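# What the coordinates show
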There are 2 protein chains.
Amino acid sequence: MMPIVTDSSHSYMRELPLYQTLADELRGAMNDGRLTAGARLPSVREAAKSRALSINTVLAAYRHLESCGLVEARPQAGYFVRARLASPPPALAPAPGSARTAEVAVLNRITRVVAAQSSPDTIDLSLATPRGGDLYPGEKLARLVSELARRQPALVSDYSLPPGPLRLRREICRHAADLGMALVPEDILLTNGCMEALQLALRAVTRPGDAIALESPTYFNLIPLADRLGLKTIELPTHPDDGLSLDALELLLSEKRVQAVVCMPTVHNPLGTSMPIAGKKRLAELANQYRIPVIEDALYAELQYTTPLQPTVKSFDRGGWVILCSSYTKTLAPGLRVGWMEGGRFQRDLTELKFCSSVAQPALLAETLGLFLESGGYAHHLRRLRRAYAARIDRLRGLIDTAFPTGTRATLPTGGFLVWVELPEGCNADALFDAALAHNISITPGNLYSPSGRYTRHIRLSGCYAFSDRHVHALMTLGELAARQCR
Amino acid sequence: MMPIVTDSSHSYMRELPLYQTLADELRGAMNDGRLTAGARLPSVREAAKSRALSINTVLAAYRHLESCGLVEARPQAGYFVRARLASPPPALAPAPGSARTAEVAVLNRITRVVAAQSSPDTIDLSLATPRGGDLYPGEKLARLVSELARRQPALVSDYSLPPGPLRLRREICRHAADLGMALVPEDILLTNGCMEALQLALRAVTRPGDAIALESPTYFNLIPLADRLGLKTIELPTHPDDGLSLDALELLLSEKRVQAVVCMPTVHNPLGTSMPIAGKKRLAELANQYRIPVIEDALYAELQYTTPLQPTVKSFDRGGWVILCSSYTKTLAPGLRVGWMEGGRFQRDLTELKFCSSVAQPALLAETLGLFLESGGYAHHLRRLRRAYAARIDRLRGLIDTAFPTGTRATLPTGGFLVWVELPEGCNADALFDAALAHNISITPGNLYSPSGRYTRHIRLSGCYAFSDRHVHALMTLGELAARQCR
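Here the structure is a predicted model, which is why all the values come from computation and not from measurement.

Residue and element names in this part refer to chain A. The strand order across the open sheet formed by eight strands is E4-E11-E10-E9-E8-E5-E6-E7, and the pairing between neighbours is mixed. Looking along the sheet, the strands with just one partner apiece sit at the ends: strand E4 (188-192) and strand E7 (243-244). Of the strand pairs in this sheet, strand E8 (residues 260-263) and strand E9 (residues 294-297) are connected by three bridges, and their pairing is parallel. Bridge pairing links Cys263 to Glu296 in E9.

Here's what the structure looks like:
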């Protein structure tokens, strides 16, 4: 028996069984092909009438499907079925950590991938950030930076001392509230992108020889970073639907085998998916219980497709064990490299470490972002960005569906612009990278995302650009190359 | 007998004994008070006539005095005697390294100093960088950044990938030539100020447990940085006239006791002085011979008062063992935090380390600096800056001379805007810091500049600002407070 919720904003909860029935029925239709990608669902009014349900019930069902990433709402047009590639279960068997060689190999591969991405001739299907800036308020930010520089040239000619402009730190806290976090400006440390935040966090809480737990797959740059800091890495099985395995983590913690955890539970890179709220709560509790720092990378958290945004792990942090790292690189200003962190109980230590590692951030850029955020343009921009990326990811998954060989599977992102693709048996992502590059197409091979080099038949694709004919053609070529491999 | 030099650009060398005689005579007059600070030397023509010397001989003598920092040339006005506080020999006796506690203490003191500097009520006599920007082309840079942002908003909205704008890296190489270095743009790595360059360099060439040699005194931020990286520090006696003791260093190298050297041989912070060229050559040779990386901090090297600029150690580097770190923070744009490094044989390693530590620098700021440098405005700006700082340092030394108790000694800077002051016996710099702060005056106590906390009666003063009545009054107060201590 469901509890009766009286808060009117949750009134559909009262009718949970009915909306659930409708949602399940529609999900079934999507699974057996009666509803295909791109199909429009009946309008809320039609559906309510034909099934004798209340408008609220139908709306609840549609919103539920939307929050599962199965349909998307297009303003003034209705709800549409999204492309429906299945989520791949990642390879879960723990691999022995003959790490060093693999880590060097990861670095070499990163270098090759970046080189490929940087070439103007390459059609980039992998870079996790847009170019051409069609979705970012480059013009408005440029105007702001331009006016600000003229009005306050001291921002250029005076020394940038930490902690940097209060305006930005205040705005960061205001927006952090949307992700469930109660932060204060005094505790916000500005950094050179999210990467410096992660680097400082790892340096603050570990000593060489320590071991850290990483999601598997994980953000690739963590692998050489850990290696450089003399850290051993242990891969945590991470499922697109559930996030990192908390049972596996608790085992490691109870055996005192790791000194820190680095994870991206909200809109994961490369998976594109998020850990359920209950998991996040438990992760925060584990950190507190075992007194182990959790470094939470929230880089894409504001790019969740559905609002209200699901909270971060930091939101459930009681003892200050969660260090939150983020940046405006993916959400607002990819070129400005303004990142930030909140270090919980490690705050003072991190502040000192930042000072003797790179002193401060350029005040002009920080103040520009502060002004933009204060102007209120951010909420509008984010709404637009979420819709655009949801649509692009949908298109990308549709194209993968069409172009790639049978047996290909792809995650169903809950935000951001990345998809993790598992190719059929017999495919090899490294060979595909080479073959694609010969066609001037750049992808990221999956073995980059694991210290042990697993995910040999996975690739990360990016849906952050507007799909031109060139991109579509490149994806078709890529699909064909993959098909040749597993023939 | 002096060798006859036939190269006409060195023609005054032929008359070396004569010019030396004149220079010595003038130096004597300065020492015994016949020529006081601010006095104008006889014009070259007058002096040549009255002493029956050639114009070249007199010029050579004056230039020699100028290169010793004893007189300064003012365009269209002649040569003037500079304030004449004696150089203090730094405390040379090696101290036992009960480092950790001292290093924590250094950090706490840095925090207090930065807090004092950041307060708007404080009259800052210590911050090693100007505020109010009267000497920096803030307006011109602001105009450039402003125009650039409008013309190329993609610099804001597109992702900043390494290695960053070629224009800036090319200009860096062009200006590095003035310091005797032959660099190529492909090897220039942009960083978040010089501090990130130093941090990356140290992380690239050391492992925790290693020992590094530091100058004593040294740039204070190196002390907590080394501590954070798990490095032991060994202090090298460093004399204002000779730079770090190369004999002491060679002893350490021959005993394999250090794995890297960090130094600032050209316009040292806090000493303000430079190592002679022969010493730099020998240092480069030692690095090569013992295969030990020398991390050279050239932050102030372009602020040498006299041109042609003396070369860096890197200029004499044969085997790629010198890692040069620098920045435009002190020379051009204190607020932009655009630094750079050239890593010799460690270049590839440093590039990878940068990528997994903070990825890249904001392209907008790097491109702005590139445009400024390309415009040719830099050489003119530097000339103006050098003259202004030479004059300010002179004024500062004059004020110290007047305000401070007898027995106070100060270095004679060859560039930049920092003076290292040794207070008379009985004074205590930490107590002076507290007493000064009670009068809203901020100074930097000398024990900050050594891992072992020596230099307890030294302070660093900064002459980077235009001296207002407020500054003069603060210096007088400071002198009085010091006088009270040693009474």
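Now that the structure has been shown, we can carry on.
Contacts between the two partners involve 65 residues from chain B, matched on the other side by 65 residues from chain A. Across the chain B/chain A interface, buried area totals approximately 5,400 Å², and carbon plus sulfur atoms make up 59% of it. The largest share of the area that chain B buries against chain A comes from Tyr159(B), Arg228(B) and Cys356(B), three residues that together contribute 14% of it. At the junction of chain B and chain A, the tally comes to four salt bridges. Counting residues per element, the side of chain B that touches chain A draws most heavily on helix H5 (residues 138-151) of chain B, which supplies ten residues. A breakdown of the residues in the side of chain B that touches chain A according to their chemical character gives 32 nonpolar, 18 polar and 15 charged.

For the rest of this paragraph, the subject is the confidence of the model for chain A. Residue and element names in this part refer to chain A. For chain A, mean pLDDT is 87; residues scoring 70 or higher make up 89% of the total. For residues 1-16, every residue scores under 50 in pLDDT, and the model assigns this stretch twelve contacts once sequence neighbours within four places are set aside. Per-residue pLDDT stays below 50 along residues 88-102; that stretch engages in 29 contacts with residues further than four places along the chain or on separate chains. Reported confidence for the predicted complex is 0.82 by ipTM and 0.83 by pTM.

What follows concerns the relation of the copies chain B and chain A. Note on the identical chains: chain B maps onto chain A by a rotation of 180° and an axial translation of 0.1 Å, with an RMSD of 0.2 Å. The relationship between the two copies is best expressed as a two-fold rotation axis. When C-alpha positions in chain B are compared against the rotation axis, the closest is assigned to Ser146(B), at 1.8 Å. When the interface residues of chain B are mapped onto chain A, 100% of them again lie at the interface, so the same face is used by both copies.

Turning to the environment of Asp430(A), a few remarks are in order. Residues and elements named next belong to chain A. Mapped onto the secondary structure, Asp430 falls in helix H15 (residues 429-438). Taking relative accessible area as the criterion, Asp430 reaches 26% and is therefore assigned partly exposed. Put simply, Asp430 and Arg109 are 321 residues apart on the chain and 9.3 Å apart in space, counted from C-alpha to C-alpha. Filtering out sequence-adjacent residues up to four positions away, Asp430 remains in contact with Arg109, Pro445, Asn447 and Thr456. A polar side-chain atom of Asp430 sits 2.9 Å from a polar atom in the side chain of Asn447.

Turning to the environment of Ser146(A), a few remarks are in order. Within the fold, Ser146(A) resides in helix H5 (residues 138-151). Taking relative accessible area as the criterion, Ser146(A) reaches 0% and is therefore assigned buried. Spatially, the C-alpha atoms of Ser146(A) and Pro217(A) are 41 Å apart, while their sequence positions differ by 71 residues. Those residues in contact with Ser146(A), other than ones at most four positions away along the chain, are Ser146(B) and Arg150(B).

This paragraph deals with the state of the cysteines. All told, the structure shown has zero disulfides over all chains when counted by the stated rule. Of all cysteine sulfurs, the one in Cys486(A) lies closest to Cys427(A), which takes part in no disulfide; the gap is 3.8 Å. With a relative accessible area of 7%, Cys427(A) lands in the buried category. Of the cysteine sulfurs around Cys325(B), a residue in no disulfide, the closest is that of Cys194(B), at 5.4 Å.

This part is about the packing of aromatic side chains. All names here are of chain B. The tally for this structure, following the rule as stated, stands at 20 aromatic pairs over all chains. An angle of 75° between the planes, with centres 5.4 Å apart, marks the rings of Tyr300 and Phe417 as edge-to-face. With Tyr300 in the loop between strand E9 (294-297) and strand E10 (322-327) and Phe417 in the loop between strand E12 (409-410) and strand E13 (418-422), this residue pair connects regions lying 117 residues apart in the sequence. Plain terms: the ring middles of Tyr328 and Tyr378 are 5.8 Å apart, the flat faces sit at 65° to each other, and that makes the pair edge-to-face. Residue Tyr328 is located in the loop between E10 and strand E11 (338-342), and its partner Tyr378 is located in helix H14 (residues 377-403); the two are separated by 50 residues in the primary sequence.

On to the pairing of E9(A). The two faces of a sheet get side chains in turn, since along a regular strand they alternate between them. All names here are of chain A. Here E9 shows no split at all, with Val294 and Glu296 on one side and Ile295 and Asp297 on the other all buried. In this fold, the crossover linking E8 to E9 by way of helix H11 (residues 277-290) has right-handed handedness. Where E9 and strand E10 (residues 322-327) come together, four bridges link them in parallel fashion. Residue pairing for E10: Ile295 is matched across the bridge by Ile323.

Right, let's get into the environment of Lys232(B). Residue and element names in this part refer to chain B. Mapped onto the fold, Lys232 is located in strand E6 (residues 232-239). With 155 residues separating them along the chain, Lys232 and Ala77 place their C-alpha atoms 51 Å apart. In contact with Lys232, not counting residues within four places along its chain, are Gly209, Asp210, Ala211 and Ile212.

Rules and cut-offs
Residues numbered from 1 in each chain as written. Chains lettered and ligands numbered in written order. Predicted model: local features only at pLDDT ≥ 70, side-chain atom pairs only at ≥ 80, totals over all residues. Heavy atoms only, no water. Pairing = 2+ DSSP bridges. Helix = DSSP H or I, 4+ residues; strand = E, 2+ residues; numbered from the N terminus. Contact = heavy atoms within 4.5 Å. Buried area = accessible area lost by both parts, 1.4 Å probe. Salt bridge = Lys/Arg side-chain N within 4 Å of Asp/Glu carboxyl O. Nonpolar A, V, L, I, M, F, W, Y, C, P; charged D, E, K, R; others polar. pLDDT = per-residue confidence, 0-100. Least-squares fit on C-alpha atoms with pLDDT ≥ 70 in both. Buried < 20%, exposed > 50% of the residue type's maximum accessible area, 1.4 Å probe, protein only. Polar contact = N/O pair within 3.5 Å; in protein donor to acceptor, adjacent residues only side chain to side chain. Disulfide = S-S within 2.5 Å. Phe/Tyr/Trp six-rings, centres within 6.5 Å; stacked < 30°, edge-to-face > 60°. Right-handed = clockwise from strand over helix to strand, strands pointing away.

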